[in-house]
Amino acid sequence: MSLIVLSVACVGFFLVQRACPHTGGQDNAFLSAWPSPVVPQGGHVTLRCHYRGGFNNFTLYKDDRSHVPIFHSRIFQESFLMGPVTPAHAGTYRCRGSYPHSPTEWSAPSNPLAIRVTGVHKKPSLLALPGPLVKSGETVTLQCSSDTVFEHFFLHREVTLEEPLHLVGELHGGGSQAKYSINSTTSDFAGTFRCYGSFTHSPYVLSAPSDPLDIVITGLYEKPSLSAQPGPTVQAGENVTLSCSSRRSFDMYHLSREGEARELSLSAVPSVNGTFQDFPLGPATHGGTYRCFGSFRTTSYKWSHPSDPLPVSVTGNPSRSWPSPTEPSSKTGITRHLPIVIRYSVATIIFTILLFFLLRRWCSDKKNAAVMDQEPVGTEQ
């Protein structure tokens, strides 16, 4: 008897659930933005509403209903392409999905998704302290600063779906700045970063992005070796080539010079004993200390230990061997030869004047002779 009662109760519960559509089910939807929730002004973003059971349709709505667009009366399938975006599109969005077995039954609201529109204010600057090459296990500080007094900064790593990291702006030298320190114990944080600024009254309307900053972790693989051809000491103007090589089959090699922020990167060349790459530096003008690193394409922000430092020294003065027209040595040469040029010029002018008068006199004598030949000869009386 108890089994019959339990069966009837289950059937009754099922019928009630089917007869009375409801919202706010146990399974929440998940709203995502592709390629990124950080969208340039005038750009486009695709909003997708996910659910593990699959939705036939979904609706979108904006938490701040005072702004456009309003989605309450619209139903979408699979995805919605939004754009070109304006500052009015910035804000927090949610979605609800309808279930395949019941189009009138909607899921619980999704997670809030913040769409941030960039390019509305002047861009800030982004620096890495002490530098963008971070040894594994060490700490790097990312500093975002601006001449504009932003109350908020957002640090965003490109090519990820992660939410930008919110930083509180602080007054600094008539502008504002924010700092964020990262420990490189794990290599997950490496990548290309940008930062943005915003104001409290419009937190989702951001500035133009800072210039990109590549944060690289070093010390993850064995170091390559670096050599110079024809040697580490060369004459000024002599061509120099640095060669980086390793027994490991790296995909890329990176050459850095001490005191410079940027690196030169080239694809590795396979060899019998591993890989190598030559970096032609051209005619030597001044020395420097160089290092090289190796990496793989699948982990482009994770590099090897640096090679041993290679000091390259240049002897001689390249300006004496190859004087430039704009250099002082060239001007001195012109001044030294100026009297000779003047003498030749004066002599040429005098010669031209004398030649002119001689030709004129010759033409005049020839004309007089012709006239005399044409006069009639007088008859004798």
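Residues numbered from 1 in each chain as written. Predicted model: local features only at pLDDT ≥ 70, side-chain atom pairs only at ≥ 80, totals over all residues. Heavy atoms only, no water.

## Concerning the overall build of the protein chain
What the protein chain contains, in helices and strands, is three helices and 28 strands. Burial status across the protein chain gives 36% buried among its 381 residues. Partitioning the contacts of the protein chain with sequence separation of at least 6, the portion at a separation of at least 24 is 66%. For the protein chain, the accessible surface area stands at approximately 23300 Å², while carbon and sulfur atoms represent 59% of it. (Helix = DSSP H or I, 4+ residues; strand = E, 2+ residues; numbered from the N terminus. Buried < 20%, exposed > 50% of the residue type's maximum accessible area, 1.4 Å probe, protein only. Contact = heavy atoms within 4.5 Å. Areas by Shrake-Rupley, 256 points an atom, 1.4 Å probe, with all protein chains shown as cover.)

## Looking at the sheet that holds strand S3 (residues 45–50)
Taking strand neighbours across the sheet as the criterion, the three strands line up as S1-S3-S5 in an open arrangement whose pairing is antiparallel. Sheet topology places strand S1 (30–34) and strand S5 (79–82) at the edges, where each strand pairs with a single neighbour. Mean inter-strand twist for the sheet, computed between neighbouring axes without regard to direction, equals 20°. With four bridges joining them, S3 and S5 adopt antiparallel strand pairing. Within the sheet, the bridge partner assigned to Leu 47 lies in S5 and is Phe 80. (Pairing = 2+ DSSP bridges. Axes fitted to C-alpha atoms, helices over the stretch in contact; angles between N-to-C directions.)

## Examining the state of the cysteines
All chains considered together, the criterion is met by three disulfides. Disulfide pairing places Cys 49 opposite Cys 95 at an S-S distance of 2.0 Å. Its torsion about the S-S bond being 75°, the disulfide of Cys 49 and Cys 95 is classed as right-handed. With Cys 49 in strand S3 and Cys 95 in strand S6 (residues 91–99), the pair connects residues that are 46 residues apart, well separated along the chain. For Cys 49, a relative accessible area of 9% gives the class buried. A relative accessible area of 0% places Cys 95 in the buried class. Numbered by order of appearance in the sequence, the disulfide-linked cysteines of the protein chain pair as 1-2, 3-4, 5-6. (Disulfide = S-S within 2.5 Å.)

## A look at the pattern of salt bridges
Tallying each qualifying case throughout the model produces 10 salt bridges. Ionic pairing is found between Asp 308 and Lys 223, a salt bridge with its closest N-O pair at 2.7 Å. A residue pair is termed long-range when its members are at least 10 positions apart, and Asp 308 in the loop between strand S27 (299–303) and strand S28 (310–315) and Lys 223 in the loop between strand S18 (213–218) and strand S19 (225–229) qualify at 85 residues. The exposure class assigned to Asp 308 is partly exposed, which follows from its relative accessible area of 49%. (Salt bridge = Lys/Arg side-chain N within 4 Å of Asp/Glu carboxyl O.)

## Focus on unusual backbone geometry
Cis peptide bonds are those with omega within 30 degrees of zero, and the linkage from Leu 129 to Pro 130 qualifies with 5°. Along the chain, the position of Pro 130 falls in the loop between strand S9 (125–129) and strand S10 (133–135). That bond from Gln 229 to Pro 230 is cis: its omega, 5°, falls within 30 degrees of zero. Mapping Pro 230 onto the fold places it in the loop between S19 and strand S20 (233–235).

## Topic: the sheet that holds strand S24 (residues 269–271)
Reading across from one edge, S19-S21-S25-S24 is the order of the four strands in this open sheet, with antiparallel pairing throughout. Edge positions in the sheet fall to S19 and S24, since each of these pairs with one other strand and no more. Averaged over all neighbouring strand pairs, the angle between strand axes comes to 30°, with direction disregarded. For strand S21 (residues 239–246) and strand S25 (residues 274–283), the ladder comprises eight bridges, and the chain directions are antiparallel. From the neighbouring strand, Ser 246 faces S25, where its bridge partner is Thr 275.

## Considering the pairing of strand S22 (residues 252–257)
The buried fraction of S22 amounts to six of the six residues, a majority that puts the element mostly inside the structure. Along S22, one buried face is formed by Met 252, His 254 and Ser 256 and the opposite face, lined by Tyr 253, Leu 255 and Arg 257, is buried too. Examined bridge by bridge, S22 and strand S23 (residues 263–267) share five bridges and lie antiparallel to one another. Residue pairing for S23: Tyr 253 is matched across the bridge by Leu 266. Remark: five residues form the turn of the hairpin made by S22 and S23, two consecutive strands paired antiparallel; Gly 259 in that turn has positive phi of roughly 90°.

## Observations concerning the confidence of the model for the protein chain
On average, residues of the protein chain score 80 in pLDDT, and 72% of them are at 70 or above. Mean pLDDT values over the elements of the protein chain span from 39, in helix H1 (residues 2–19), up to 97, in strand S17 (residues 205–207). A low-confidence stretch, residues 1–25 stays under pLDDT 50, and its non-local contacts, those more than four residues away or across chains, total 16 contacts. Predicted confidence is poor over residues 370–381, with pLDDT under 50, and the contacts of this stretch with residues over four places away or in other chains come to zero contacts. (pLDDT = per-residue confidence, 0-100.)

## Observations regarding the packing of aromatic side chains
Counted according to the given criterion, the structure contains nine aromatic pairs. Judged by centre distance (4.6 Å) and plane angle (45°), the rings of Phe 76 and Phe 80 are tilted. For the ring pair Tyr 221 and Phe 296, a centre distance of 5.1 Å and an interplane angle of 90° mean the geometry is edge-to-face. Here Tyr 221 is found in the loop between S18 and S19, whereas its partner Phe 296 is found in strand S26 (residues 288–296), with 75 residues between them in sequence. On the basis of relative accessibility, which here comes to 19%, the residue Tyr 221 falls in the buried class. (Phe/Tyr/Trp six-rings, centres within 6.5 Å; stacked < 30°, edge-to-face > 60°.)

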